Amino acid sequence: MANEVLTAKQVQERYPGLGVSQQETACLDPDAGTLRADTAVRCLQDLFVKYGGIIRDGENVITIVPESGTKVRIETANSVYCAQSAVLCAGPWTSKLLAPLNLVLPLRVLRITPCYWSEKHEGMYSFKHFPCVIELAHSGRNGDMYSLPCKEYPGLMKVCWHHGTAADPDKRDVSSAGAERDVQAISQYIAFRYPGLETEPSIVETCMYTETPDLCFILDRHPQFKNIVIGAGFSGKRL
């Protein structure tokens, strides 16, 4: 993989909007980029429908019931479906759906607070001129920090702490002191790392993470019901 190690002076020369201390270095990957999650999911859904799939959006799954080892019954708020097999990728609701199936996975559900911050000078953090930045966790801070240059919202840069507080996915939008502390921590971080951004967020969103202890995802069959496949813990995967 092509990469270039930059000194603090080189970082400041190339990216004056990025604050660095003299003892810091950076590793630049010229081939890196971002994947628009909403666009990628829409593409996958379009292909699914193209080849005969049917999407039932906004339909809450109530329970999953194995039947005689060869079929699976899925009960939702609106209907009942039967199939030879099922793939369960329920994100933060995985544990709730697996509990009746006598399976407990080491999953931790966190509420993350992505924030978008306004540029003080238009174009300083444009995706045409500024890279994505990942700062790994260290002894003074739990969780990585990451930022994406302005694109999703014009003039707003996404800076987020890869860290959060335990939460119930059914209560994700309930305000909490933990979320307020996270926003304050990002604001303090921005004051030094991104001097060209305002230190009060323009947009604050909520995102649910589902993590395993080692941050590696789970993809396997149910140990008892082999026709139920489980995919979980995809948040925070470090490659």
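Placed above this text is the structure.
Residues numbered from 1 in each chain as written. Predicted model: local features only at pLDDT ≥ 70, side-chain atom pairs only at ≥ 80, totals over all residues. Heavy atoms only, no water.

1. Details of the sheet that holds strand β3 (residues 61-67)
- Read across the sheet, 3 strands follow the order β3-β4-β5 without closing on themselves; strand pairing throughout is antiparallel. Either end of the sheet is taken by a strand with one partner, and the two such strands are β3 and β5 (80-83). Within this sheet the neighbouring strands show an average axis-to-axis angle of 15°, counted without direction.
- Bridge count for strand β4 (residues 71-76) against β5 is 4 bridges, and the pairing is antiparallel. (Pairing = 2+ DSSP bridges. Helix = DSSP H or I, 4+ residues; strand = E, 2+ residues; numbered from the N terminus. Axes fitted to C-alpha atoms, helices over the stretch in contact; angles between N-to-C directions.)

2. A look at the pattern of salt bridges
- This model, assessed by the stated rule, comprises 9 salt bridges.
- A salt bridge links Arg-36 to Asp-38; its shortest N-O distance comes to 3.3 Å.
- One salt bridge in this structure joins Glu-75 and Arg-73, with 2.9 Å as the shortest N-O distance.
- Given the relative accessible area of 24%, Glu-75 is considered partly exposed.
- Residues joined in a network through salt bridges with shared partners are Glu-24, Glu-135 and Arg-193. (Salt bridge = Lys/Arg side-chain N within 4 Å of Asp/Glu carboxyl O. Buried < 20%, exposed > 50% of the residue type's maximum accessible area, 1.4 Å probe, protein only.)

3. A few points about the state of the cysteines
- Tallied over the full model, the rule gives 0 disulfides.
- Sulfur of Cys-160: no disulfide; nearest cysteine sulfur belongs to Cys-115 and is 6.9 Å away.
- Assessed through its relative accessible area of 0%, Cys-160 is described here as buried.
- Its sulfur unpaired, Cys-216 is 17 Å from the next cysteine sulfur, which belongs to Cys-89. (Disulfide = S-S within 2.5 Å.)

4. Digging into the packing of aromatic side chains
- Taken as a whole and assessed by the stated rule, the structure comprises 7 aromatic pairs.
- Both rings, one in Tyr-125 and one in Phe-130, keep their centres 4.9 Å apart while their planes meet at 75°; by these two values the pair is edge-to-face. Assigned by exposure class, Tyr-125 and Phe-130 land together as buried.
- These aromatic residues form a ring-pair network of at least three members: Tyr-15, Tyr-125, Phe-130, Tyr-189 and Tyr-194. (Phe/Tyr/Trp six-rings, centres within 6.5 Å; stacked < 30°, edge-to-face > 60°.)

5. Examining the environment of Lys-71
- Along the chain, Lys-71 turns up in strand β4.
- For the pair Lys-71 and Ile-203, spaced 132 residues apart in the sequence, the C-alpha separation amounts to 45 Å.

6. Some details on a nonpolar patch on the surface
- Taken together, Phe-48, Val-49 and Ile-55 make up a surface patch of nonpolar side chains, about 260 Å² in accessible area.
- Its place among the elements puts Val-49 in helix α2 (residues 37-50).
- We classify Val-49 as partly exposed; its relative accessible area is 44%. (Patch = residues over 30% accessible without salt bridge, like charges linked within 9 Å, V, L, I, M, F, W, Y side chains within 5 Å. Areas by Shrake-Rupley, 256 points an atom, 1.4 Å probe, with all protein chains shown as cover.)

7. Concerning the sheet that holds strand β14 (residues 207-211)
- As summarised here, the arrangement of the 3 strands in space is β12-β7-β14, forming an open sheet in which the pairing is antiparallel. Each edge of the sheet is formed by a strand with only one pairing partner; in this case those strands are β12 (165-166) and β14.
- Direction of pairing for strand β7 (residues 108-112) relative to β14: antiparallel, over a ladder of 5 bridges. Across the sheet, Arg-111 pairs through a bridge with Met-208, a residue of β14.

8. Comments concerning the nonpolar core
- Ranked by internal contacts, the top residues of the largest apolar core, which has 23 residues, are Phe-130, Met-157, Val-159, Ile-186, Ile-190, Tyr-194 and Leu-197.
- A total of 4 residues in this core trace back to one element, the largest contributor, which is helix α4 (residues 177-193).
- Discounting residues that sit within four places of it in the chain, Leu-197 has contacts with Trp-117, Ser-118, Glu-119, Lys-120, Tyr-125, Met-157, Val-159 and Ile-190.
- Counting 15 residues, the second-largest nonpolar core is a separate cluster that includes Val-72, Ala-86, Leu-88 and Leu-107. (Core = buried A, V, L, I, M, F, W, Y, C linked by side-chain atoms within 4.5 Å. Contact = heavy atoms within 4.5 Å.)

9. Quick notes on the side chain of Thr-212
- For Thr-212, the location among the structural elements is in the loop between β14 and β15 (218-221).
- There is a polar contact of 3.1 Å between the side chain of Thr-212 and the side chain of Asp-214.
- Ignoring anything within four residues of it in the chain, the contact list for Thr-212 reads Pro-106, Leu-107, Ile-218 and Gly-233. (Polar contact = N/O pair within 3.5 Å; in protein donor to acceptor, adjacent residues only side chain to side chain.)

These figures capture arrangement, not role.
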